Amino acid sequence: MRALGRTLLANYSLLVALVAYELISRSGLVSPRLIPSLVVIGEQLWRYMLNGDLPYHAGISLYRAFSGFLLAAVVGIALGAAMARSRWVEALFEPIFTFGYPIPKISLYPIFIFVFGLGTGSKVALVFLECLYPIAIHAMAGMRATDRVLVWAAENMGASRTQLFFRVMVPAALPTLFTGLRIALPVSLIVTLLTEIIGESKGLGYFITFASASFEYGRAMAAFVVVAVIGFALDRFVVALRRRVVFWLKDVPAIG
Amino acid sequence: MARPPRWVGALVPLLLVAVWEIAARRGDAPEYLPAPSVILAELGALVASGDLFVHAAASLYRALGAFAIGAVTGAAVGLAAGTLRAVERFYEPIISLTYPVPKIAALPIVFAWFGLGDVSKIVIITISVFYPIYIAAFFGAKGTSRVHVWAARNMGAGRWQIFRRIVLPSALPQLFNGLRVGLALSFIVMVVAELVASQRGLGYLIAFSEEQTRFDIMYAAILTIGVLGFAADRVLLAVRRRALKGQLLATAEAR
């Protein structure tokens, strides 16, 4: 009981925000249709969870996000490792990554629709492209920054090139690599939702767009709650995974 | 092994463009891939007619305006939360809960609340930009060395002086990382918001020319967005280099 009280007290601002929202919704200053009460959102959430609509669309969005993310992880890590190991690979590909990084790749989406079709293909392709950048850059940076003394020590003890790679470089790169993956995972979800908002007939992004286009803002917010829970759960998952895999390092924020 | 010359980096893109150009001229490329020379000619025509500037100005106004609002509020709240316990206790639970949430999914709801004009776009861009900048400012300020603060206090510095001379400089490198992430985000969200609903702007130009199957205009608009995003990033990096002059001395970046 006391622990519960302490949690509530530590998070009092969340309660303040929720109460403020509910008061605005009930005050009648704004149409309750536009800003539906939390009760309404809860009802809609309950209804569309039970009839299977929200789980169905969430599954589709997650499938797209994960496929693009996994592809980007495989290619990005391989490419990052190659760039860190070979000067020629680096000279060939590194400018594409440094110069392409600040360019909003989402503007290519209309082309992707033409190449890969309006369905899952174009979405996975764009997720792949957006996730590839942070993953490859961090993989390269991580391997590049391997402590020279560690490499010398391994070489001195007679490690082969493969051993050097898997036993020294990869573990040394893991923390940075994880930063890249942690940046890319929410990006995969964001890009999926964006492309679904732009044009699709399936997925959570579509569900929200369709509900707001039908002036059902309560339903749209219920879907947004599902999006929020997924995003939050994913982040917790990565943090927990990071703690297990790179257990020797303390938590650091994703940025920086 | 000798270091490969720098021009090697241009090889892959040049090769791609060359293959693209040849394929398009021979008629082997699909319709949605007009020759690069055709795209450049269209870009020139758009510049000459002034249309491109109208759209680019509308886009930049939204993206940079919202970036400025998000940067100032994010940095202010983040620095305040990083230095004052009371501010941290209020904001941290809200932000750590909502940070991993893809806020962009609320785009249709924001359009419903604020209309289809500039306001809704600036609102959604500001929200997206706020988070990474807040986080960077918060952890930057939190990471201030205690010894420095103690030393300053010992030498009789006031609270404002400590903030201005100790906390702010040590938070700046992190803050700039956040600003860079936020700037890139502002362009992404701008393009998306304009693709979904707008009457002007580069994102609108893409959506419009795609409907008209004028792919040359579409690529010209995409190219412009890329150049603008890249240029904005370079400007920010130049500002960063000036602001962090002393702190970058020891790193590889100072050249």
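The present account deals with the structure reproduced in this document. (Residues numbered from 1 in each chain as written. Chains lettered and ligands numbered in written order. Predicted model: local features only at pLDDT ≥ 70, side-chain atom pairs only at ≥ 80, totals over all residues.)

Points about the overall build of chain B
Check the secondary structure of chain B and you find ten helices and zero strands. The order of helices and strands in chain B, counted from the N terminus, is α-α-α-α-α-α-α-α-α-α. Relative to a compact globule of 255 residues, whose C-alpha radius of gyration would be 18 Å, chain B shows 23 Å and is clearly more extended. Relative to its 255 residues, chain B shows a buried fraction of 40%. (Helix = DSSP H or I, 4+ residues; strand = E, 2+ residues; numbered from the N terminus. Rg over C-alpha atoms; globule rule 2.2 N^0.38 Å. Buried ≥ 20, exposed ≤ 12 C-beta atoms within 10 Å, placed from the backbone.)

Focus on the nonpolar core
Counting 131 residues, the largest nonpolar core has Ile135(A), Ala223(A) and Ala137(B) as its most contacted members. It is helix H8 (residues 159–196) of chain B that contributes the most residues to this core, 19 residues altogether. Leaving out residues up to four positions away in the same chain, Ile135(A) has contacts with Ala72(A), Ala73(A), Gly76(A), Ile77(A), Gly80(A), Gly180(A), Leu181(A) and Ala184(A). (Core = buried A, V, L, I, M, F, W, Y, C linked by C-beta atoms within 7 Å. Contact = placed C-beta atoms within 7 Å.)

Some remarks on the packing of helix H4 (residues 53–85) of chain A against helix H7 (residues 120–144) of chain A
Residue and element names in this part refer to chain A. Where H4 contacts H7, the axes come no closer than 6 Å and their chain directions differ by 35°. As for the relative orientation of H4 and H7, their crossing is right-handed in sense. Split into classes, the residues belonging to the contact of H4 with H7 amount to 21 nonpolar, five polar and three charged. (Axes fitted to C-alpha atoms, helices over the stretch in contact; angles between N-to-C directions. Left-handed = near helix turned anticlockwise from the far one by under 90°. Nonpolar A, V, L, I, M, F, W, Y, C, P; charged D, E, K, R; others polar.)

Considering the environment of Ser59(B)
Residues and elements named next belong to chain B. On the secondary structure map, Ser 59 appears in helix H3 (residues 51–83). The exposure class of Ser 59 is buried, given the 27 C-beta atoms found within 10 Å. For the pair Ser 59 and Phe 187, spaced 128 residues apart in the sequence, the C-alpha separation amounts to 8.6 Å. With sequence-adjacent residues up to four places away left out, Ser 59 is seen in contact with Met 190, Glu 194, Gly 201, Leu 202 and Gly 203.

Keep in mind these numbers describe shape, not what the thing actually does.
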